[in-house]
Amino acid sequence: EPEVTQTPSHQVTQMGQEVILRCVPISNHLYFYWYRQILGQKVEFLVSFYNNEISEKSEIFDDQFSVERPDGSNFTLKIRSTKLEDSAMYFCASRGTGTGGPPYTEAFFGQGTRLTVV
Amino acid sequence: LAKTTQPISMDSYEGQEVNITCSHNNIATNDYITWYQQFPSQGPRFIIQGYKTKVTNEVASLFIPADRKSSTLSLPRVSLSDTAVYYCLVAPNSGYSTLTFGKGTMLLVSP
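Quick caveat: nothing in here was measured; it's all calculated off a predicted structure.

### Quick word on the overall build of chain A
Each helix and strand counted, chain A has 0 helices and 11 strands in total. Traced from its N-terminal end to its C-terminal end, chain A shows the element sequence β-β-β-β-β-β-β-β-β-β-β. Since a compact globule built from 118 residues should have a radius of gyration of about 13 Å, the 14 Å found for chain A is in line with a globular shape. Here chain A holds 118 residues, and 47% of them are scored as buried. Counting contacts in chain A only where the partners sit at least 6 residues apart, residues at least 24 apart contribute 55% of the total. As displayed, chain A offers around 5900 Å² of accessible surface, 45% of which is attributable to carbon and sulfur atoms.

Right, here's the structure in full:
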C-alpha cells in the first residue's frame, strides 16, 4: 500500500532555532497538508497546498511557518523561530489523484514527526 | 463547516459490536461523512465514507439516516487492537475541502 513518509521521526530543538520537517507524499497525489497534534489534544489543521501554492491556512499558521515543495517529491514545513508551544506531533497528509479514484476525503497521513522544543 | 458531536469515550469488550454515533445537524447538501481512526503516536487513518443510507467495507459499516443529521459507525466484533480514537468528519468530497478533526471518541476495548 502506498504511504506518506516523514522525517525525522523525532526532533529536539532549542527555542528560537529553525526546524524543517520533511514529508514525501504519495507520488500521484495532488493535495498536501500539514497538521499538528499537541499531546492529549485534537488534530489541528495548519495548511493545505495545491498546484504549488497554499490553498488554505489556519490561524496557527502564522509568519513563523512556511511550506515548500522544492522538487517533485518532497513537501516541507519550516518553523523559523521555534517556541516552546510548538512542541507537538506534526503530521503530513496527501490525497486526491484527480482521476476519480478514492474519495477525496480519504487523506493518507504519515507517521508524524514529534517536535520537542526545549 | 458543519460541526460534529461525538461521545468523548466508550468502553467495550472483545467480540462485541460497537456503535459510535455522531451528530452533524448543520450538514450541507454537498457534504460527505467520513470516519478516521487514530492510534497513539500515529497519524489518522481513513476508515469509511458515506453520503446516505448504508455503506459497508471490510472494516466497518456506516449508517446514515435519511435526514443525514447523524451517522453511526459500526465496528463488528471488536478486538483489543481496535482501541483507538475515532473521528467523525463532515466535508465536501473535494480535494479543496479542509478536513477538520474534532475531539473524537476514545474507544477502549477490554478483554
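From this point, things continue past the structure.
### Side note on the sheet that holds strand S7 (residues 65–68) of chain A
Residue and element names in this part refer to chain A. Strand order in the open sheet formed by 4 strands is S1-S3-S8-S7, with antiparallel pairing between adjacent strands. Taken across any chain shown, the strands that pair with only one partner, and hence form the sheet edges, are strand S1 (5–7) and S7. Going from strand to strand, the sheet's axes swing by 20° on average, the running direction of each strand aside. Of the pairings in the sheet, the one linking S1 to strand S3 (residues 19–24) comprises 3 bridges and is antiparallel in character. What sits directly across from Gln 6, in S3, is Cys 23.

### Some points on the pattern of salt bridges
Counted under the stated rule, the structure contains 1 salt bridge over all chains. In this structure, Glu 44 of chain A engages Arg 36 of chain A in a salt bridge whose closest nitrogen and oxygen atoms are separated by 3.1 Å.

### Observations concerning the pairing of strand S9 (residues 105–110) of chain B
Residues and elements named next belong to chain B. Residue alternation in S9 divides its side chains into a buried set, Thr 105, Leu 107 and Val 109, and an unburied set, Met 106, Leu 108 and Ser 110. Where strand S1 (residues 9–13) lies against S9, 5 bridges are found, and the strand directions are parallel. Bridging from a neighbouring strand, Met 10 pairs with Leu 107 of S9.

### Regarding the sheet that holds strand S2 (residues 18–23) of chain B
Residue and element names in this part refer to chain B. In spatial order, the strands read S2-S7-S6-S5; together these 4 strands make up an open sheet with antiparallel pairing. Where the open sheet ends on each side, the last strands, each with one partner, are S2 and strand S5 (53–56). Taken pair by pair, the neighbouring strands of this sheet meet at an average axis angle of 15°, ignoring direction. Across 6 bridges, S2 lies against strand S7 (residues 70–75) in antiparallel orientation. Its bridge partner being in S7, Val 18 is matched across the sheet by Leu 75.

### With respect to the interface of chain B and chain A
Between chain B and chain A, the residue contacts involve 22 residues of the former and 21 residues of the latter. For the pair chain B and chain A, the two sides together bury roughly 1900 Å², of which 54% comes from carbon and sulfur. At the surface where chain B touches chain A, the tally comes to 0 salt bridges. Put simply, chain B and chain A have 5 residue pairs in polar contact (both at pLDDT 80 or more) between them.

### Thoughts on the packing of aromatic side chains
Counted by the stated rule, this structure contains 15 aromatic pairs over all chains. Aromatic side chains Phe 32 of chain A and Phe 75 of chain A sit 5.6 Å apart centroid to centroid with 40° between the ring planes, which places their arrangement in the tilted category. Separated by 43 residues along the polypeptide, Phe 32 of chain A in strand S4 (residues 31–37) and Phe 75 of chain A in strand S8 (residues 75–79) bring together distant segments of the chain. Note on Phe 32 of chain A: relative accessible area 4%, which makes it buried. With 5.2 Å between their ring centres and 90° between their planes, Tyr 87 of chain B and Phe 101 of chain B make a pair best called edge-to-face. Pair noted here: Tyr 87 of chain B is in strand S8 (residues 84–92) and Phe 101 of chain B is in the loop between S8 and S9, with a separation of 14 residues, a long-range link. A connected cluster of aromatic rings, assembled from ring pairs, spans Tyr 33, Tyr 35, Phe 45 and Phe 109 of chain A together with Tyr 36, Phe 46, Tyr 87 and Phe 101 of chain B. The residue whose ring lies beneath Arg 68 of chain B is Tyr 51 of chain B, and the NZ or CZ to ring-centre distance is 3.9 Å.

The rules behind each value
Residues numbered from 1 in each chain as written. Chains lettered and ligands numbered in written order. Predicted model: local features only at pLDDT ≥ 70, side-chain atom pairs only at ≥ 80, totals over all residues. Heavy atoms only, no water. Helix = DSSP H or I, 4+ residues; strand = E, 2+ residues; numbered from the N terminus. Rg over C-alpha atoms; globule rule 2.2 N^0.38 Å. Buried < 20%, exposed > 50% of the residue type's maximum accessible area, 1.4 Å probe, protein only. Contact = heavy atoms within 4.5 Å. Areas by Shrake-Rupley, 256 points an atom, 1.4 Å probe, with all protein chains shown as cover. Pairing = 2+ DSSP bridges. Axes fitted to C-alpha atoms, helices over the stretch in contact; angles between N-to-C directions. Salt bridge = Lys/Arg side-chain N within 4 Å of Asp/Glu carboxyl O. Buried area = accessible area lost by both parts, 1.4 Å probe. Polar contact = N/O pair within 3.5 Å; in protein donor to acceptor, adjacent residues only side chain to side chain. Phe/Tyr/Trp six-rings, centres within 6.5 Å; stacked < 30°, edge-to-face > 60°. Lys NZ or Arg CZ within 6 Å of the ring centre and 35° of its normal.

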